[in-house]
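One letter stands for each residue in the lines below.
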Amino acid sequence: MARGTAEDIQKRAKKIKALLFDVDGVLTDGGIIYNNDGQEYKRFNVKDGQIIKYLKQYGILTGVITGRDSRVVRNRCEELGIDLHHHGIHNKLGTFTAIMEEHQLAADEIAYVGDDINDLPVLTRCGLSATPADGHQAVKERVAYVLECKGGEGALRELADTILKAQGHYEELISRLTK
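An account of the accompanying structure is given in this report.

## Some words on the overall build of the protein chain
Link 1 in the chain: Counting secondary structure elements, the protein chain contains eight helices and eight strands.
Link 2 in the chain: Here the protein chain has a C-alpha radius of gyration of 15 Å; the compact-globule value for 179 residues is 16 Å, and the two agree.
Link 3 in the chain: Counting only C-alpha atoms, the protein chain reaches 50 × 40 × 35 Å along its principal axes.
Link 4 in the chain: The burial tally for the protein chain puts 51% of its 179 residues in the buried class.
Link 5 in the chain: For the protein chain, the computed accessible surface area is about 8900 Å², with 47% contributed by carbon and sulfur atoms.

What follows is the structure, given as structure tokens:
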């Protein structure tokens, strides 16, 4: 479900050079499981991970800005080859601004997916803002795109597909994979 019009989302998606995202509630369903020894477990959706390599093939920078610092998340970011990952971040806007400066990106060239109110400083400044279907209501009211997928169920993939389609890469990718 889009808050912005389909045309507006397509227009924004065409400009995207970087896709940044939160982890808990976006790449996961927001749940955390601990065992008796305090080890942390998270469940990630393979579809979200699969699209990372294709974004990178088309020159789209990928990055995580997450408030928690978790070895599990660090491992997943490294496994997927996510270009940038910032953990334990309490000032997400500061990190967003540093990424813009370091990579010479304008705000309208960055898409961001976040699910909770701590993501709002970035979501209200980036070029294409999105939240999973189960994002916080205050976030849903302020983003351009409320995704159909819930966090941990392909939300990142949905936005990445939208970006690749808007930029004319998706059909080429499918064609290349089916040859």
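## Brief notes about unusual backbone geometry
Across residues other than glycine, the phi torsion is negative in most instances, and most of the peptide bonds are trans.
Link 1 in the chain: Here the phi dihedral of glutamine 104 falls at roughly 50°; this positive angle occurs in a residue that is not glycine.
Link 2 in the chain: Position of glutamine 104 relative to the elements: it lies in the loop between α4 (92–102) and β6 (110–113).
Link 3 in the chain: Residue classification places glutamine 104 among the exposed positions, given a relative accessible area of 74%.

## Focus: the nonpolar core
Here is a general trend for soluble globular proteins: nonpolar side chains tend to be buried in one another's company.
Link 1 in the chain: Leu19, Phe21, Val113, Leu128, Leu159, Ile163 and Leu164 are the most contacted members of the largest nonpolar core, which has 35 residues in total.
Link 2 in the chain: The set of elements that each furnish at least two residues to this core consists of α1 (6–14), β1 (18–21), α2 (46–57), α3 (71–80), β6, β7 (128–131), α7 (155–166) and α8 (170–177).
Link 3 in the chain: No other element matches α7, which puts seven residues into this core.
Link 4 in the chain: Residue contacts for leucine 159: discarding those within four places in its chain leaves Leu19, Ala111, Val113, Leu128, Ala130, Tyr145 and Leu147.
Link 5 in the chain: Counting residues in hydrophobic clusters, the runner-up holds 19 residues, among them Ala18, Phe96, Tyr112 and Leu123.

## Brief notes about the packing of α2 against α7
Link 1 in the chain: Where α2 contacts α7, the axes come no closer than 8 Å and their chain directions differ by 30°. By the angle between their axes, α2 is roughly parallel relative to α7. In this structure, α2 crosses over α7, and the sense of that crossing is left-handed. Here Lys47, Asp48, Gln50, Ile51, Ile52, Tyr54 and Leu55 of α2 lie close against α7, whose contacting residues are Ala155, Leu156, Arg157, Ala160, Asp161 and Leu164.
Link 2 in the chain: Across the contact of α2 with α7, the residue classes break down as eight nonpolar, one polar and four charged.

## Some thoughts on the side chain of aspartate 22
Link 1 in the chain: With respect to the helices and strands, the residue aspartate 22 is situated in the loop between β1 and β2 (33–34).
Link 2 in the chain: Separated by 3.3 Å, the side chains of aspartate 22 and lysine 92 make a polar contact.

## Observations regarding the sheet that holds β6
Strand-to-strand pairing in sheets goes through backbone hydrogen bonds, with the strands running parallel or antiparallel.
Link 1 in the chain: Taking strand neighbours across the sheet as the criterion, the six strands line up as β5-β4-β1-β6-β7-β8 in an open arrangement whose pairing is parallel. Looking at strand neighbours, the two that pair on one side only are β5 (84–86) and β8 (145–146), the edges of this open sheet.
Link 2 in the chain: With three bridges joining them, β6 and β7 adopt parallel strand pairing. The partner of alanine 111 across the bridge, within β7, is leucine 128.
Link 3 in the chain: Across the sheet, α7 lies against β1, β6, β7 and β8, angled at about 165° from β1, the strand it touches most.

## Focus on the environment of tyrosine 54
Link 1 in the chain: With respect to the helices, strands and loops of the structure, tyrosine 54 is situated in helix α2.
Link 2 in the chain: Separated by 44 residues in sequence, tyrosine 54 and glutamine 10 have C-alpha atoms that sit 19 Å apart.
Link 3 in the chain: Excluding residues within four positions of it along the chain, tyrosine 54 makes contact with Leu164, Leu173 and Leu177.

Rules used throughout
Residues numbered from 1 in each chain as written. Predicted model: local features only at pLDDT ≥ 70, side-chain atom pairs only at ≥ 80, totals over all residues. Heavy atoms only, no water. Helix = DSSP H or I, 4+ residues; strand = E, 2+ residues; numbered from the N terminus. Rg over C-alpha atoms; globule rule 2.2 N^0.38 Å. Buried < 20%, exposed > 50% of the residue type's maximum accessible area, 1.4 Å probe, protein only. Areas by Shrake-Rupley, 256 points an atom, 1.4 Å probe, with all protein chains shown as cover. Core = buried A, V, L, I, M, F, W, Y, C linked by side-chain atoms within 4.5 Å. Contact = heavy atoms within 4.5 Å. Axes fitted to C-alpha atoms, helices over the stretch in contact; angles between N-to-C directions. Parallel < 35°, antiparallel > 145°, perpendicular 65-115°, else oblique. Left-handed = near helix turned anticlockwise from the far one by under 90°. Nonpolar A, V, L, I, M, F, W, Y, C, P; charged D, E, K, R; others polar. Polar contact = N/O pair within 3.5 Å; in protein donor to acceptor, adjacent residues only side chain to side chain. Pairing = 2+ DSSP bridges.

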